[in-house]
Amino acid sequence: MLLFLYTLLLFHHLPTKVNTLCRLMGYPNYPLLSKDGDVTIGGIFAVHSKLTLSSFEFTEKPQPLSCSSVNLRDFRMAQIMIFAIEEINRSESLLPNVSIGYQIYDNCGSRLVSMNSTMALMNGHGFVMDTCNGSLIHAIIGESESSATVILSRTTGPFKIPVISQSATCECLSNRKDYPSFFRTIASDYHQSRALAYIVKHFGWSWVGAVNTDNDYGNYGMNIFLNTAQEEGICVEYSVKFYRTEIEKIKKVVDIIKQGTAKVIVAFLTSFEMNNLLEQLSIQNITGLQMIGVEAWITAKSLITPNSFRFLGGSLGFAVRKINIEGFSDYVIKEFWDTAFPCSQAERNSSQYALNCSGYQDLLPLKDFNEDVPEQRYASNVYKAVYAVAHSVHSLIKCREQERCEKGVAIQPQQVVEALKNVNFTVKFGDHVWFDSTGGAVAQYEIVNWQQDSDGSIQFNPVGYYDASLPPDKRIVLNTENIVWAGGQLEKPKSVCSESCPPGTRKAAQKGRPVCCYNCIPCAEGEISNETDSNNCKQCPGEYWSNAEKNKCILKAVEFLSFTEVMGIVLVFFSLFGAGLTVLVAILFYSKKDTPIVKANNSELSFLLLFSLTLCFLCSLTFIGRPTEWSCMLRHTAFGITFVLCISCVLGKTIVVLMAFKATLPGSNVMKWFGPAQQRLCVLTFTLIQVLICVLWLTIHPPFPNKNIKYYQEKIILECCLGSTIGFSAVLGYIGLLAFLCFILAFLARTLPDNFNEAKFITFSMLIFCAVWITFIPAYVSSPGKFTVAVEIFAIVASSFGLLFCIFAPKCHIILFKPEQNSKQHMMGKAPTKTILKK
């Protein structure tokens, strides 16, 4: 339909003379406000917002457009354009002696009238090319909406007439190839769309809905937002769009919003579409939604109605900065109406007034009104656009300060286009103006919030700002304490598909749903997550373990057999008890050293055995406590040497028993070969062999302390590693060899005829000793942690008690409880020689 109307306007009523080089394009129309000048700037603004199409007829004579509902914002933009032109015309430094004229058209918010106004500007009331006479438009300022600006730019593009927009933000217009003569004094939606995603992320909303206008402005802007939202980890529950005339489509969009669970809606709409959406939200009474808006509607006063705050209250969005232009507020009250207004000099009752001013009646009430001027947000953009054209022309006609310009120089629109690309200046309120590669400006927005005053009036209060020129972490500055949220609430709404996973858990995606929908899974043992919404749990380092909450790595519990724990105390008790008991036996034997039972059992070896047993009990204490380098070497070598000393003494006693029996036989002289000197040498030799093994072990690869983190995941076992396994095996093997040899000899001597046959007791002691240590091996291998050490101590203490009780308990029993048997006669009565004599 628009294409048809565009074609119709382009070719309707074309002159029939074929020999004319230039043709009038489109339907003849006349500007709302105009002034002649050496350089002419066109303007197209929606001074009125409603058009009665029935009054728009294609006739030879221009008919007045039937427009209603003054659009104060665009009217102020037309005024600021004239204000800037008049200011430049008075300047002695910018375009001296060159006047700027203007032709400002009212498009009534209609695409149809907008195209007609474009043709009228290009025609210039008869503008033709080459031999045709007529004024030339050097640039066009205007079209507030992006879609209308696209049409304007495409229409003027073939003629290379520069178009400078003050509010068309569509990213599509950044394409220099398609729009080579388009410029703007506002940033493109590339920045605003990304800023929408950043502010959503800033407030922790990961689940949002999205609504946009179904045109270039809305589709391009929403596409950038959706891509940025995906980069920032924001999920969009739905993305829907509609055009302003699609009422049924708007109803479907509202149904989707109603059924959705997202509490935050990103609305990339113009004020017109936002008003349509608001009507449907009101009909279905959908409240409590946190609206995030764009500059096109967030500060639109047309949306303020007695009922709108229920639905848009607390809305947040980006707005163009308000800039006070010095002198403009006074200008709109007097100077404009005295100089620029076309019917200002006509008397109200005259025929001239009726002819010239009938179409301006609705503008006259604004003559004494300027309270809205400080709230105008796009006026500064129009002001900068006018100055950009002036600076471009200034550079083209080689004007110099305080001197006349070369007025005879013909300026073509395409020259202005090239000059605009190089403009670089600063306006009086401090803004620096230049056009970047997208034909736009630096993105600097004010973040505003819909709030209601005590009197019920709605205000667009600033709560922060966004500056795309700053580093990413400093672009958004917000004063959250001043924000009123959806529905006038003071508490920020939540909008998430799933609640945040606390530290100690990780997110697990729900199958078939967006990544923002997940379950919270506790971290495994030894893993932590120390921040909210972790995607993965981190493994704690080797010596660390997760705490109970799984949010911190703490040092693993260190385990070793200590003196303070119950098991350690029990083992220390039995070790000391055994040592003490052994000392008591030694004292008893020493006190009875002259008695036959002590003498008969080789008192020297007995005392040496008791001494070695005491060392065996005490060496178990070296296994208790935190392992160190010295304690690890001491515990194993002390154990090996003391036990060899002990077994050597037992072996010596066994050999003595056997030798004693042989000595009692007639003609035997064997005892001279195993007297006390030989006994001492035997014990010393056997012990030195073990000492040599231990020295080699300590020299080659000694035992050392080690932190075992493999056996238990949640704790560290402090243990003594054996170092050389061969060395440890040699120590144990040598003890076992001596014990086995002792057992064999004792077993052979068990039947010797003696009233007190010590060989039997030695046999029993060796049986116990071997049984304990044979059992020790699998128990030692299978016991975890500190229990390994406990098993080793138990084996040492148990085997020591076995030797002590089996060898010395019967003798102590006789000494203490049967002293009558502790006599030489009794001992001799059992002698083998007496038995032979009886026979």
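Residues numbered from 1 in each chain as written. Predicted model: local features only at pLDDT ≥ 70, side-chain atom pairs only at ≥ 80, totals over all residues. Heavy atoms only, no water.

Caption draft 1: Geometry of the overall build of the protein chain. Looking only at helices and strands, the protein chain has 24 helices and 27 strands in total. Counting over 839 residues, the protein chain shows a buried share of 51%. Once local pairs closer than 6 in sequence are excluded, the contacts in the protein chain between residues at least 24 apart make up 70%. As displayed, the protein chain has an accessible area near 39,200 Å², and 58% of this comes from carbon and sulfur atoms. (Helix = DSSP H or I, 4+ residues; strand = E, 2+ residues; numbered from the N terminus. Buried < 20%, exposed > 50% of the residue type's maximum accessible area, 1.4 Å probe, protein only. Contact = heavy atoms within 4.5 Å. Areas by Shrake-Rupley, 256 points an atom, 1.4 Å probe, with all protein chains shown as cover.)

Caption draft 2: Focus on the packing of aromatic side chains. Summed over all chains, the structure comprises 30 aromatic pairs. Clustering of aromatic rings is evident, with ring pairs tying together Phe75, Phe83, Phe328, Tyr331, Phe336, Trp337, Phe341, Tyr383, Tyr387 and Phe429. Residue placement shows Arg176 over the ring face of Phe183; its charged tip is 4.6 Å from the ring centre. The side chain of Arg244 reaches across the aromatic face of Phe272, ending 4.5 Å from its centre. (Phe/Tyr/Trp six-rings, centres within 6.5 Å; stacked < 30°, edge-to-face > 60°. Lys NZ or Arg CZ within 6 Å of the ring centre and 35° of its normal.)

Caption draft 3: Layout of helix H2 (residues 72-90). Along its 19 residues, H2 runs 27 Å from first to last C-alpha, staying within 8% of the 27 Å computed at 1.5 Å per residue. Burial of H2 is extensive: 15 of the 19 residues sit out of reach of the surface. (Expected span 1.5 Å × (residues − 1).)

Caption draft 4: Structural view of the sheet that holds strand E11 (residues 264-268). The eight strands lie next to each other as E10-E9-E11-E12-E13-E16-E17-E18, forming an open sheet whose pairing is mixed. Of all strands in the sheet, those with a lone pairing partner are strand E10 (235-242) and strand E18 (476-478), marking the two edges. When the angles between neighbouring strand axes are averaged without regard to direction, this sheet yields 30°. With five bridges connecting them, strand E13 (residues 316-320) and strand E16 (residues 444-452) associate as antiparallel partners. Following the sheet pairing, Gly317 is matched in E16 by Val448. (Pairing = 2+ DSSP bridges. Axes fitted to C-alpha atoms, helices over the stretch in contact; angles between N-to-C directions.)

Caption draft 5: Representation of the state of the cysteines within the structure. Scanning all chains against the criterion turns up seven disulfides. The side chain of Cys523 participates in a disulfide bridge whose partner is Cys537; the two sulfur atoms lie 2.0 Å from each other. Judged by the torsion about the S-S bond (-80°), the Cys523/Cys537 disulfide is left-handed. Here Cys523 is found in the loop between strand E20 (518-522) and strand E21 (527-528), whereas its partner Cys537 is found in the loop between E21 and strand E22 (538-539), with 14 residues between them in sequence. Owing to a relative accessible area of 4%, Cys523 belongs among the buried residues under this scheme. (Disulfide = S-S within 2.5 Å.)

Caption draft 6: How the structure looks around the pairing of strand E5 (residues 100-106). Burial within E5 is extensive, with seven of its seven residues counted as buried. Alternating positions in E5 separate into two faces, Ile100, Tyr102, Ile104 and Asp106 on one and Gly101, Gln103 and Tyr105 on the other, with burial throughout. Of the strand pairs in this sheet, strand E1 (residues 33-35) and E5 are connected by three bridges, and their pairing is antiparallel. Residue pairing for E5: Leu33 is matched across the bridge by Ile104.

Caption draft 7: A look at the sheet that holds E5. One open sheet holds the six strands; their spatial order is E1-E5-E2-E6-E7-E8, and the pairing between them is mixed. In this open sheet, the two edge strands, each paired with only one partner strand, are E1 and strand E8 (182-184). On average, each strand axis in the sheet is tilted by 20° relative to the strand beside it, whichever way the strands run. By the bridge criterion, three bridges tie strand E7 (residues 163-165) to E8 in an arrangement that is parallel. Among the inter-strand pairings, Ile164 is bridged to a residue of E8, identified as Phe183.

Caption draft 8: Summary view of the nonpolar core. Judged by nonpolar contacts, the single largest core of 81 residues is most densely connected at Ile199, Met274, Leu277 and Trp297. No other element matches the six residues that helix H5 (residues 189-202) contributes to this core. Contact partners of Met274, with chain neighbours within four places excluded, come to Ala267, Leu269, Met291, Trp297, Leu303 and Leu312. (Core = buried A, V, L, I, M, F, W, Y, C linked by side-chain atoms within 4.5 Å.)

Caption draft 9: How the structure looks around the packing of helix H19 (residues 676-700) against helix H20 (residues 725-748). Their axes nearest at 9 Å, the elements H19 and H20 cross at an angle of 170°. The angle between the axes of H19 and H20 places the two elements in the roughly antiparallel class. Contacts from Phe686, Ile689, Gln690, Ile693, Cys694 and Trp697 in H19 reach Gly727, Phe728, Ala730, Val731, Tyr734, Ile735 and Leu738 in H20. Among the residues making up the contact of H19 with H20, the classes are represented as 11 nonpolar, two polar and no charged. (Parallel < 35°, antiparallel > 145°, perpendicular 65-115°, else oblique. Nonpolar A, V, L, I, M, F, W, Y, C, P; charged D, E, K, R; others polar.)

Caption draft 10: Structural view of helix H13 (residues 379-396). Taking 1.5 Å of rise per residue, 18 residues should cover 26 Å, and H13 covers 26 Å from first to last C-alpha, within 8% of that figure. Counting buried positions over the 18 residues of H13 gives 15, a clear majority of the element. Phi for Lys398, located one or two positions after H13, is positive at around 55°.

Caption draft 11: Fine view of the environment of Leu605. Note on placement: Leu605 falls in helix H17 (residues 603-619). Each C-alpha atom of the pair Leu605 and Gly652 lies 7.4 Å from the other, and the pair is 47 residues apart in sequence. Once you skip the residues sitting within four places of it in the chain, Leu605 turns out to touch Cys649, Gly652, Lys653, Val656, Gln679 and Val683.

Caption draft 12: Structural context of a nonpolar patch on the surface. Nonpolar side chains collect at one region of the surface, where Val566, Val570, Phe573, Phe574 and Phe577 lie side by side and expose about 490 Å² of accessible area between them. Following the sequence through the fold, Val566 ends up in helix H15 (residues 566-591). (Patch = residues over 30% accessible without salt bridge, like charges linked within 9 Å, V, L, I, M, F, W, Y side chains within 5 Å. Salt bridge = Lys/Arg side-chain N within 4 Å of Asp/Glu carboxyl O.)

Caption draft 13: Quick peek at the side chain of Asp431. Position of Asp431 relative to the elements: it lies in the loop between strand E14 (425-426) and strand E15 (432-433). Among the polar contacts listed, one links the side chain of Asp431 to the side chain of Lys384, at a separation of 3.3 Å. Setting aside residues up to four positions removed in sequence, Asp431 forms contacts with Arg321, Ile323, Lys384, Phe425 and Thr426. (Polar contact = N/O pair within 3.5 Å; in protein donor to acceptor, adjacent residues only side chain to side chain.)

Caption draft 14: Geometry of the environment of Ser34. By the secondary structure assignment, Ser34 is in strand E1. Look at Ser34 and you get partly exposed, because its relative accessible area is 44%. When near neighbours in sequence (up to four residues on either side) are disregarded, Ser34 contacts Tyr102 and Gln103.

Caption draft 15: Representation of the pattern of salt bridges in the model. In the structure shown here, the tally under the stated rule is 21 salt bridges. Across the pair Arg73 and Asp74 runs a salt bridge whose closest N-O atoms are separated by 3.4 Å. On the basis of relative accessibility, which here comes to 2%, the residue Asp74 falls in the buried class. Among the salt bridges present, the one from Lys384 reaches Asp431, with a minimum N-O distance of 3.3 Å. Highlighted residues: Lys384 in helix H13 and Asp431 in the loop between E14 and E15, separated in sequence by 47 residues. We classify Asp431 as buried; its relative accessible area is 13%. Through salt bridges with shared partners, a single ionic network connects Glu145, Arg244 and Glu273.

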